[in-house]
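So the chains spell out like this:
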Amino acid sequence: MQKAQTVKKIPVLTIAGSDCSGGAGVQADLKTFSAHNLFGMSVILSVVAENTARVISAYDIPKNVVDEQILAVFEDIRPKAVKIGMIASKELMDCVALNLKNFEAENIVIDPVMFAKNGFALMPPQNCEHFKKTMLSLADVLTPNIPEAQYLCGFEIKNQDDMIKAAKTLRSLGAKAVLVKGGHRDDNADDVLYDGKEIYILKSQKIDTKNTHGTGCTLSSAIASNLAKDYDLYEAVKKAKDYVYSAILHSLELGKGCGPTNHFYFLKD
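Residues numbered from 1 in each chain as written. Predicted model: local features only at pLDDT ≥ 70, side-chain atom pairs only at ≥ 80, totals over all residues. Heavy atoms only, no water.

A.B. asks: Whenever I open this one, the side chain of K83 confuses me. Can you help?
C.D. replies: One can find K83 in strand β4 (residues 82–84). Note on K83: relative accessible area 1%, which makes it buried. There is a polar contact of 2.9 Å between the side chain of K83 and the side chain of D29. Within polar-contact distance, the side chain of K83 engages the side chain of S220 at 2.7 Å. Once residues within four sequence positions are removed from consideration, K83 is found in contact with L13, T14, I15, D29, V109, C217, S220, S221 and A224. (Helix = DSSP H or I, 4+ residues; strand = E, 2+ residues; numbered from the N terminus. Buried < 20%, exposed > 50% of the residue type's maximum accessible area, 1.4 Å probe, protein only. Polar contact = N/O pair within 3.5 Å; in protein donor to acceptor, adjacent residues only side chain to side chain. Contact = heavy atoms within 4.5 Å.)

A.B. asks: Even after reading the chapter, I still don't get the packing of aromatic side chains, so can you show me in this structure?
C.D. replies: Centre-to-centre distance and the angle between the planes together describe a pair of aromatic rings. All told, the structure shown has five aromatic pairs when counted by the stated rule. Where Y200 meets Y234, the ring centres are 5.1 Å apart and the plane angle is 45°; that geometry is what we call tilted. Residue Y200 is located in strand β9 (residues 199–202), and its partner Y234 is located in helix α8 (residues 233–249); the two are separated by 34 residues in the primary sequence. Judged by relative accessible area, which is 26%, Y200 ranks as partly exposed. By relative accessible area, which is 29% here, Y234 ends up partly exposed. (Phe/Tyr/Trp six-rings, centres within 6.5 Å; stacked < 30°, edge-to-face > 60°.)

A.B. asks: Got a minute to help me understand the environment of L152 in this structure?
C.D. replies: Its place among the elements puts L152 in helix α5 (residues 146–153). Judged by its relative accessible area of 1%, L152 falls in the buried class. Separated by 21 residues in the primary sequence, L152 and L173 place their C-alpha atoms 9.8 Å from one another. Among residues more than four places away in sequence, those in contact with L152 are P112, M114, C128, F131, K132 and L170.

A.B. asks: Any chance you could explain the pattern of salt bridges here in plain terms?
C.D. replies: Note that side chains of opposite charge can pair when their charged atoms are close. Summed over all chains, the structure comprises 10 salt bridges. Notably, a salt bridge pairs D190 with K203, separated by 3.5 Å at the nearest N-O pair. With D190 in the loop between β7 (178–180) and β8 (191–194) and K203 in the loop between β9 and α7 (215–228), the pair connects residues that are 13 residues apart, well separated along the chain. On the basis of relative accessibility, which here comes to 65%, the residue K203 falls in the exposed class. Close ionic contact of E253 with K210 constitutes a salt bridge, the shortest N to O distance being 3.5 Å. Separated by 43 residues along the polypeptide, E253 in the segment after α8 and K210 in the loop between β9 and α7 bring together distant segments of the chain. For K210, a relative accessible area of 42% puts it in the partly exposed group. (Salt bridge = Lys/Arg side-chain N within 4 Å of Asp/Glu carboxyl O.)

Here's what the structure looks like:
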């Protein structure tokens, strides 16, 4: 009988909604963790019936089941980083916030998922203020895109100066660091990172493709992956942005709408 050769891997956790079509949500997070050679774990907050073209429905998991999922993870395999994605209800916001505090979770990256590409409200607008009160102070990194940052801040973002203003505003509300993503801009895809002291502009060209399903989920989980590997904040974000750029550059032509990014672009057939 051959003896097993055990391998050590850093464990990381996603707490988010699912995407049955595999391009976003928990499925994208787990693929990203694997692409970074980490051991991915998941807590499902919502089951979302979606594909590349539309969101059909979303069903929130009962609070007690979420509590038990988080307990099951933390009592056995403590994650080195936690990515938070879609979190729709006030009850689940309170549940997740309390658990993260009780278990003293580290390297928390929060992606404030609000709307699907077809406009479906993944976080009902009336819950936005509660999200700000309960979740922002837990974020080691908050990663809103421009529409999400506008909604959280309450003002329009037209240019890079507005992105900087938004990053500073969101940090003043409790987040330790804020990455305002520029993918919705027409001229470039530059991001703004603010850690409370320094403003960093992470430059990037636009890629001519419609296949960007799941990019926000992928970026936030890549940042969490890099923080789990002990990269500092700037390097964690820079490496994550480079990874997502390549995943979009080699995106997958699947589905009738916005196809998914290619999490394993580096693998050859």
